[in-house]
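Observations on the model geometry
Next come the chains, spelled out residue by residue.
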Amino acid sequence: MFDQDLVNKIRAAFPRAVKDFTGRERAFFDNGTGTLVCERAAKAEAKARIDYSANIGANFDESQKAKETVKAGREAVAEFLNAPSGATIVSGESATKLLFDVSYAIGKECNGTENVVISELEHYANVSPWNELVRVGKIKEVRFARMNLEDGTLDFDHLQELIDSNTKVISVTAASNVTGTKIPLERVSSLAKEAKAYFIVDAVHHVPHGPIDVQKINCDFLVFSGYKIFGSHGSYMYMNPEYMENLKPYKVKPSAKSGPFKWESGTRNQAMFASIKGVLDHFLWLAEQIQSQYEGKFEENTGNRRAYKIAMNASQQYENLLSKAVLEGIDDVPGLLSIPDVKIFGITDTNRLDERDPTFAFIVDGVPNEDIIKHLWEKGGIATRAENFYSYAVEVYKQLKVNRISLVQYNTLEEVRIFLKTLNTICNK
Ligand SMILES: Cc1ncc(COP(=O)(O)O)c(C=O)c1O
């Protein structure tokens, strides 16, 4: 758990945690759309851009360093995800693009009879690639496992019912980018393995909020994006090595015939790898600050892997504290649960916080979303937004847009208090 001193140190590690570039003090609650950058990541990215800006593959120092930067980035990501090696990590422009790439390659194996099972909690990055396979006749249909409307959780029994011998892929989000609800990945994985279907995880929303272990989840592919976890744009996908070799992505003839380079069209951006390594170094620093609290814990892992687990576990616990305050209130300021006319989409039971990330979508009866967002910014300095967030779940809830706040490790209870106080003033008019 973080104490106040550590929260202050974490905020100091993010140059814009307190004030924006204009000098305005504000609380950044738009993290689900893209987090603020941590200083280590920004500096590492700038260094790679300036000092190692040559392309890889030559004998001079800049090129050698660029190559080392890409390799070190892949290895750090692998350790963070508990993947077997850096050679199992593919990078891409975005998670959306990587999911399109995988769907394209899988589509080549299909004959128009197969189905793909996803859920109603998905971001469209994990919907459209599969719909596209239907459109071009590679698969027969995309099946959507229902979401329980009252708490935004997956209807697991329905997911199970949708799987049959023609299920080629099961692809789900680790957590909804709107309701924050997590999907029980290991349970879904067992079903996928039984059905001999590829199992894909979209971890884009969940990645800054808790430990991820691709071996424990037993997934074949898992994707996340650097800009959602304190780094730069650019995304990373763990791939089961067997499938990395056997599937046939788009590629130009002279490029590598195996390994991650086979999947990566064009040359790599070394600064992006430097950035993600900077982010992961931030977590190693964080783990050092709290390791005394974890004596005797997570001892199945050692070194950096254990440190990542400690850092992400502690973040999760701290974020649960923020979530509890969002829902129940803080000091004498009522929380979302007791503000009149607020409707929350997702889990609201504070005994179930481990089933959700600290992401809250809500509307207020009688107050347009635009007014809420404007009021929060102008009166409270709360930076957030209302959108559909490219989320299928927003459609299921029959909304065009919802207000969303999403919190991460640099947010504070005081910011939550200001948010609630400001929201209360517009709701109680
Ligand atoms: C759950 C989820 N998946 C995928 C994406 C798309 O990520 P990218 O912008 O890297 O394509 C997002 C972006 O908001 C997301 O929240």
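Residues numbered from 1 in each chain as written. Predicted model: local features only at pLDDT ≥ 70, side-chain atom pairs only at ≥ 80, totals over all residues. Heavy atoms only, no water.

1. Observations regarding the overall build of the chain
Selection criterion: Put simply, DSSP H or I for four residues or longer makes a helix, DSSP E for two residues or longer makes a strand, and each gets a number counted from the N terminus. For a compact globule the rule gives 2.2 Å times the number of residues to the power 0.38, and the radius of gyration it is set against comes from C-alpha atoms. Partly exposed residues are those whose accessible area sits between 20% and 50% of the maximum for their type, while under 20% is buried and over 50% is exposed, using a 1.4 Å probe and protein chains only. Contact between two residues is taken to exist if any of their heavy atoms lie within 4.5 Å; hydrogens are not considered. Per-residue and other accessible areas were derived by the Shrake-Rupley procedure at a 1.4 Å probe size, with only the shown protein chains allowed to occlude residues. Lys and Arg are tallied as positive, Asp and Glu as negative. Neither His nor the chain termini are counted. Throughout, a charge is located at the NZ atom of Lys, the CZ atom of Arg, the CG atom of Asp or the CD atom of Glu.
Regarding its fold elements, the chain presents 15 helices and 17 strands. Whereas a compact globule of 429 residues would reach a radius of gyration of roughly 22 Å, the chain reaches 22 Å, a difference of no more than 12%. The proportion of buried residues among the 429 residues of the chain is 59%. Once local pairs closer than 6 in sequence are excluded, the contacts in the chain between residues at least 24 apart make up 71%. Put simply, the chain shows about 18000 Å² of open surface, and 49% of that area lies on carbon and sulfur atoms. With 52 positive and 57 negative side-chain charges, the chain shows a spacing of 5 Å between the two charge centroids.

2. Brief notes about helix α12 (residues 303-328)
Test applied: In this analysis, the expected span of each helix is defined as 1.5 Å times one less than the number of residues it contains.
Across its 26 residues, α12 extends 38 Å between first and last C-alpha, which sits within 8% of the 38 Å expected from 1.5 Å per residue. Taken across its 26 residues, α12 has 20 buried, putting it largely inside the fold.

3. Points about the site of the ligand
Counted only if it meets this: We define proximity as follows: a residue is near a molecule or strand when any one of its heavy atoms falls within 4 Å of that partner. As used in this structure description, the phrase polar contact means that two N or O atoms lie within 3.5 Å; if the pair is within protein, one of them must be able to donate a hydrogen and the other to accept it, and residues adjacent in sequence are counted only when both atoms belong to side chains. Gly is put with the polar residues, along with every residue not named as nonpolar or charged; the nonpolar set is Ala, Val, Leu, Ile, Met, Phe, Trp, Tyr, Cys and Pro, and the charged set is Asp, Glu, Lys and Arg.
In the vicinity of the ligand there are 14 residues, among which Thr96, Asp202, Ser225, Tyr227 and Lys228 approach most closely. In the environment of the ligand, an oxygen atom lies 2.5 Å from a nitrogen or oxygen atom belonging to the side chain of Thr96. Protein chains bury 90% of the 390 Å² of accessible surface belonging to the ligand in isolation. Class assignment for the residues of the shell around the ligand results in four nonpolar, eight polar and two charged.

4. A closer look at the sheet that holds strand β14 (residues 359-364)
Note the following rule: The rule for pairing is simple: two strands pair if DSSP sees at least two bridges between them. Helix axes are fitted only over the stretch in contact, all axes being lines through C-alpha atoms; the angle between N-to-C directions runs from 0 to 180 degrees.
Spatially, four strands are ordered β13-β14-β17-β16 in an open sheet, and the strand pairing comes out antiparallel. Edge positions in the sheet fall to β13 (342-345) and β16 (385-387), since each of these pairs with one other strand and no more. In this sheet, neighbouring strand axes are inclined to one another by 40° on average, regardless of whether the strands run parallel or antiparallel.

5. Section: the domain arrangement of the chain
Short version of the rule: The domain limits used here are those given by an automatic or database domain assignment. One speaks of a salt bridge when a side-chain nitrogen belonging to Lys or Arg is within 4 Å of a carboxyl oxygen belonging to Asp or Glu.
Assigned domains of the chain: these are domain 1 (4-38 + 303-427) and domain 2 (43-278). Of note, the centres of domain 1 and domain 2, computed from C-alpha atoms alone, are 26 Å apart. Between domain 1 and domain 2, the contact holds 43 residues from the first and 41 residues from the second. Linking domain 1 with domain 2 are two salt bridges, by the criterion used here. We note a salt bridge from Asp213 to Arg305, for which the minimum N-O separation is 3.9 Å.

6. Some words on the pairing of strand β8 (residues 198-202)
The element β8 is extensively covered by neighbouring structure, given that five of its five residues are classed as buried. Covered by surrounding structure in β8 are Tyr198, Ile200 and Asp202 together with Phe199 and Val201, the residues of both alternating faces. The pairing of strand β7 (residues 167-173) with β8 spans five bridges and is classified as parallel. Looking at the pairing, Ile170 lines up with Phe199 of β8.

7. Things to note about unusual backbone geometry
Phi at Lys196 is positive, roughly 55°, even though this residue is not glycine. Despite not being glycine, Phe298 has its phi angle at roughly 55°, a positive value. On the secondary structure map, Phe298 appears in the loop between α11 (270-290) and α12.

8. Brief notes about the pattern of salt bridges
A complete count under the given rule lists 27 salt bridges for this structure. Here Asp51 and Lys47 are joined by a salt bridge, their closest N and O atoms 2.5 Å apart. With Asp51 and Lys47 both in helix α2 (residues 39-51), this residue pair falls four residues apart, about one helical turn. Classification of Lys47 by relative accessible area gives partly exposed; the value is 42%. With a shortest N-O distance of 3.7 Å, Arg146 and Asp155 are connected by a salt bridge. Looking at Arg146, the relative accessible area reads 41%, which means it is partly exposed.

9. Some words on the side chain of Lys262
One can find Lys262 in helix α10 (residues 260-263). There is a polar contact of 2.9 Å between the side chain of Lys262 and the backbone oxygen of Leu247. Aside from chain neighbours lying at most four places away, what touches Lys262 is Met244, Glu245, Asn246, Leu247, Pro249, Tyr250, Lys251, Ala256 and Lys257.

10. Looking at the environment of Gly259
With respect to the secondary-structure elements, Gly259 resides in the loop between α9 (241-246) and α10. Residues within four places of Gly259 in sequence aside, it is in contact with Met244 and Glu245.

11. A short note on the sheet that holds strand β10 (residues 235-239)
Strand order in the open sheet formed by seven strands is β2-β10-β9-β8-β7-β3-β4, with mixed pairing between adjacent strands. What marks the edges here is a single partner per strand, and that holds for β2 (89-92) and β4 (141-145). Here the strands of the sheet are splayed against their neighbours by 20° on average, with no regard to which way each runs. Each of β2, β9 (221-225) and β10 touches helix α3 (residues 61-81); the most contacted strand, β2, lies at about 115° to it. Across the sheet, helix α5 (residues 128-135) lies against β3 (115-119), β4, β7 and β8, angled at about 145° from β4, the strand it touches most.

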